[in-house]
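# Understanding the architecture of this molecule
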Amino acid sequence: SQKIEQNSEALNIQEGKTATLTCNYTNYSPAYLQWYRQDPGRGPVFLLLIRENEKEKRKERLKVTFDTTLKQSLFHITASQPADSATYLCALHSNYQLIWGAGTKLIIKP
Amino acid sequence: NAGVTQTPKFQVLKTGQSMTLQCAQDMNHEYMSWYRQDPGMGLRLIHYSVGAGITDQGEVPNGYNVSRSTTEDFPLRLLSAAPSQTSVYFCASSYSRTRGLNYGYTFGSGTRLTVV
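Below is a summary of the structure that appears in this document. Everything numeric in this text was worked out from a predicted model, so none of it was measured.

As a further point, take the interface of chain A and chain B. As a measure of interface size, the accessible area lost when the parts come together is often cited. Across the contact, 19 residues belong to chain A and 19 residues belong to chain B. Across the chain A to chain B interface the summed buried area is about 1500 Å²; carbon plus sulfur atoms make up 53%. Of all residues in chain A, Pro 44, Tyr 96 and Trp 100 of chain A bury the most surface against chain B, accounting for 34% of the area lost on that side. Inspection of the chain A/chain B interface yields zero salt bridges. Inspection of the chain A/chain B interface yields five residue pairs in polar contact (both at pLDDT 80 or more). Where the side of chain A that touches chain B is concerned, the elements lending two or more residues are β4 (32-38), β5 (45-51), β9 (86-94) and β10 (97-100) of chain A.

Here it is in C-alpha cells:
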C-alpha cells in the first residue's frame, strides 16, 4: 500500500542547533514534495517545494533535500529558534494529487 | 488582504443535525478545496473545485456536499452529522489546481467540529 511517514514523536532540539525532520514514502513516484508549517489552532502554511530532479532547495535557514532512491525527504532548520516550534507537514504530489503526512511536532528549547 | 477566511472557528453539533461550514477567499483563486485533519493522520481531501460551477469529489466525500456559485465562496455542507465527522476542517485555495501542486496552497485557520 502507499504510505507517507513522518516521525510521530515530537522532536526536541536545543536552540541554536540544526533540526532535521524526515519524510519517508513508499510506493509513490512523486513529482514534487511540499513542506508546510502548522501552528496550534491554525492552518498549514506553505514553506518550500522541491522537484524530483532537484537534490536540494534552500530558503533562508531552511533546507530541503529529496532522495528518490531512498524515497526520503529531509527538512533542516539551521540555527533553530524557539519561534520555529511548530508541527511540520510534508505532502507528495503524485498522480495529480497531494498526499499528506501526519506531521512531526518540533520543539525548540531555549 | 484577508486570504482564506473560515467560519465558524468552533461548532458542536448533535448527531443528525445539518450545518454549513463557510469558506471565502479574496485572492481571485480559481481552485478551492476542503480537507479534514484527524489526529495521527495526514490531511484528507473531501471535495474540490477548479472554478465557479465546477466541483469534484476527493478522497473522503461521503456525508458532505459542496457547491461553487461564485469564485470567492466554497461552502461545505454536512447533511446529517455523525460522530465520525468530528474533525478539524480546512479550506485551501490556489490560482489553479496545477499552480497549487507546483507552488503550494493557502489555507484558512480551520473549523473545529465536534459531533455528539
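From this point, the narrative continues.
One number sums up the size of the largest pocket: a volume of about 570 Å³. As for the largest pocket, its lining consists of 29 residues, and the residues nearest its centre are Gln 38 and Gly 41 of chain A together with Gln 37, Val 88 and Arg 112 of chain B. Those elements that provide at least two residues to the lining of the largest pocket are β9 and β11 (104-109) of chain A together with β9 (87-94) and β11 (111-115) of chain B. For the lining of the largest pocket, the leading source of residues is β11 of chain B, giving four residues. Residues that form the lining of the largest pocket fall into these classes: 11 nonpolar, 12 polar and six charged.

Okay, the packing of aromatic side chains next. One pass over the full model with this rule turns up 13 aromatic pairs over all chains. Residues Phe 75 of chain A and Tyr 88 of chain A carry aromatic rings whose centres are separated by 5.3 Å and whose planes lie at 35° to one another, so their mutual orientation is tilted. Taken together, the residues span a long stretch of sequence, with Phe 75 of chain A in strand β8 (residues 72-77) and Tyr 88 of chain A in strand β9 at a distance of 13 residues. Look at Phe 75 of chain A and you get buried, because its relative accessible area is 0%. On the accessibility criterion, Tyr 88 of chain A (2% relative accessible area) is buried. An aromatic cluster of three or more residues is present, and its members are Tyr 36, Phe 46 and Trp 100 of chain A together with Tyr 35, Phe 90 and Phe 107 of chain B. Cation over ring: Arg 51 of chain A sits above Tyr 32 of chain A, and NZ or CZ is 5.1 Å from the ring centre. A cation over an aromatic ring shows up here: Arg 51 of chain A above the ring of Tyr 103 of chain B, its NZ or CZ 5.9 Å from the ring centre.

Let's shift gears to the state of the cysteines. Tallying each qualifying case throughout the model produces two disulfides over all chains. Residue Cys 23 of chain A pairs covalently with Cys 90 of chain A via a disulfide, S to S 2.0 Å. Measuring handedness by torsion sign, the sulfur bridge of Cys 23 of chain A and Cys 90 of chain A sits at about 70° and is right-handed. Note that Cys 23 of chain A is positioned in strand β3 (residues 19-26) and Cys 90 of chain A in strand β9, a separation of 67 residues in sequence. In this structure, Cys 23 of chain A and Cys 90 of chain A share a single accessibility class: buried. There is a disulfide in this structure between Cys 23 of chain B and Cys 91 of chain B, and the S-S distance comes to 1.9 Å. Residues Cys 23 of chain B and Cys 91 of chain B are joined through a disulfide that is left-handed, its torsion about the S-S bond being -70°. One end of the pair, Cys 23 of chain B, is in strand β3 (residues 19-25); the other, Cys 91 of chain B, is in strand β9, with 68 residues separating them in the sequence. Look at Cys 91 of chain B and you get buried, because its relative accessible area is 0%.

What counts and how
Residues numbered from 1 in each chain as written. Chains lettered and ligands numbered in written order. Predicted model: local features only at pLDDT ≥ 70, side-chain atom pairs only at ≥ 80, totals over all residues. Heavy atoms only, no water. Contact = heavy atoms within 4.5 Å. Buried area = accessible area lost by both parts, 1.4 Å probe. Salt bridge = Lys/Arg side-chain N within 4 Å of Asp/Glu carboxyl O. Polar contact = N/O pair within 3.5 Å; in protein donor to acceptor, adjacent residues only side chain to side chain. Helix = DSSP H or I, 4+ residues; strand = E, 2+ residues; numbered from the N terminus. 1 Å grid on protein atoms, 1.4 Å probe; cavity = no way out; pocket = protein on both sides within 12 Å on 5 of 7 lines; lining within 4 Å. Points joined across faces, edges and corners; volume = space filled by probe spheres on them. Nonpolar A, V, L, I, M, F, W, Y, C, P; charged D, E, K, R; others polar. Phe/Tyr/Trp six-rings, centres within 6.5 Å; stacked < 30°, edge-to-face > 60°. Buried < 20%, exposed > 50% of the residue type's maximum accessible area, 1.4 Å probe, protein only. Lys NZ or Arg CZ within 6 Å of the ring centre and 35° of its normal. Disulfide = S-S within 2.5 Å.

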